[in-house]
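Analysis of the macromolecular model
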Amino acid sequence: MVRVEYLAGFIDGEGYLGISKIPRRNGSREYCLRLCVYNSNLPALEGIQRTWGGTISAPARKHPGWKPGYALIWTNAAAAQVIRKAE
């Protein structure tokens, strides 16, 4: 179990909070809250995910020599809930 203090520190050091713009087929846009933490340590992110949820993805590397990086992502209501608990 990952404590809220650890999560708050991880978000502070490795996190990103923003609004994403998602284009729709009909030309409209949807805006959603997005909280991400990025790290190359997959087991650390998996531990956070087991306690706090979210989705892990592996963004493409910009340079082939870089080690793999991962993102743990929460959106909308899930992001708001994590933010409220970690503040």
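Conventions adopted
Residues numbered from 1 in each chain as written. Predicted model: local features only at pLDDT ≥ 70, side-chain atom pairs only at ≥ 80, totals over all residues. Heavy atoms only, no water. Helix = DSSP H or I, 4+ residues; strand = E, 2+ residues; numbered from the N terminus. Buried < 20%, exposed > 50% of the residue type's maximum accessible area, 1.4 Å probe, protein only. Areas by Shrake-Rupley, 256 points an atom, 1.4 Å probe, with all protein chains shown as cover. Lys, Arg positive; Asp, Glu negative; His and termini not counted. Charge placed at Lys NZ, Arg CZ, Asp CG, Glu CD. Contact = heavy atoms within 4.5 Å. Disulfide = S-S within 2.5 Å. Polar contact = N/O pair within 3.5 Å; in protein donor to acceptor, adjacent residues only side chain to side chain. Salt bridge = Lys/Arg side-chain N within 4 Å of Asp/Glu carboxyl O. Pairing = 2+ DSSP bridges. Axes fitted to C-alpha atoms, helices over the stretch in contact; angles between N-to-C directions.

What follows deals with the overall build of the chain. In terms of helices and strands, the chain carries three helices and four strands. Residue burial in the chain is summarised as follows: out of 87 residues, 28% are buried. Of the roughly 6100 Å² of accessible surface on the chain, 53% is carried by carbon and sulfur atoms. The distance from the centre of the 12 positive side-chain charges to the centre of the 6 negative ones in the chain is 10 Å.

Along the chain, the position of S20 falls in strand 1 (residues 15-23). In contact with S20, not counting residues within four places along its chain, are E30, Y31, C32 and R34.

The next point concerns the state of the cysteines. Enumeration according to the criterion identifies zero disulfides in this entry. C36 forms no disulfide, and the closest cysteine sulfur to it belongs to C32, at a distance of 9.5 Å. Given the relative accessible area of 0%, C36 is considered buried.

Relative to the helices and strands, N39 resides in strand 2 (residues 29-39). Within the local environment of N39, its side chain forms a polar contact with the backbone nitrogen of N41, the two atoms lying 2.8 Å apart. Look past the residues within four positions of N39 in its chain and what remains in contact with it is F10, E14, L45, G69 and Y70.

Our focus in this paragraph is the pattern of salt bridges. A full pass over the atoms with the stated rule returns two salt bridges. Two residues, E5 and R3, come together in a salt bridge whose shortest N-O distance is 3.2 Å. For R3, a relative accessible area of 57% corresponds to the exposed category. Taking the shortest distance from any N to any O, the salt bridge between E30 and R24 comes out at 2.2 Å.

Moving on, we come to the environment of W52. Topologically, W52 is positioned in helix 2 (residues 42-52). When its relative accessible area of 19% is taken as the criterion, W52 is described as buried. Along the chain, W52 and S28 lie 24 residues apart, while their C-alpha atoms are 32 Å from each other. A distance of 3.1 Å separates the side chain of W52 from the backbone oxygen of V2, its partner in a polar contact.

This part is about the sheet that holds strand 3 (residues 55-57). With antiparallel pairing, four strands are arranged side by side in an open sheet as 1-2-4-3. Among the strands making up the open sheet, the edge pair consists of strand 1 and strand 3. Shown here is a sheet whose adjacent strand axes are inclined to one another by a mean of 35°, direction ignored. Here strand 2 pairs with strand 4 (residues 70-75) via six bridges, running antiparallel. What sits directly across from C36, in strand 4, is I73. On top of the sheet, helix 1 (residues 4-14) reaches strand 1, strand 2 and strand 4; it is set at about 100° to strand 2, its chief contact. This element, helix 3 (residues 76-86), spans strand 1, strand 2 and strand 4 of the sheet and lies at about 50° to strand 2.

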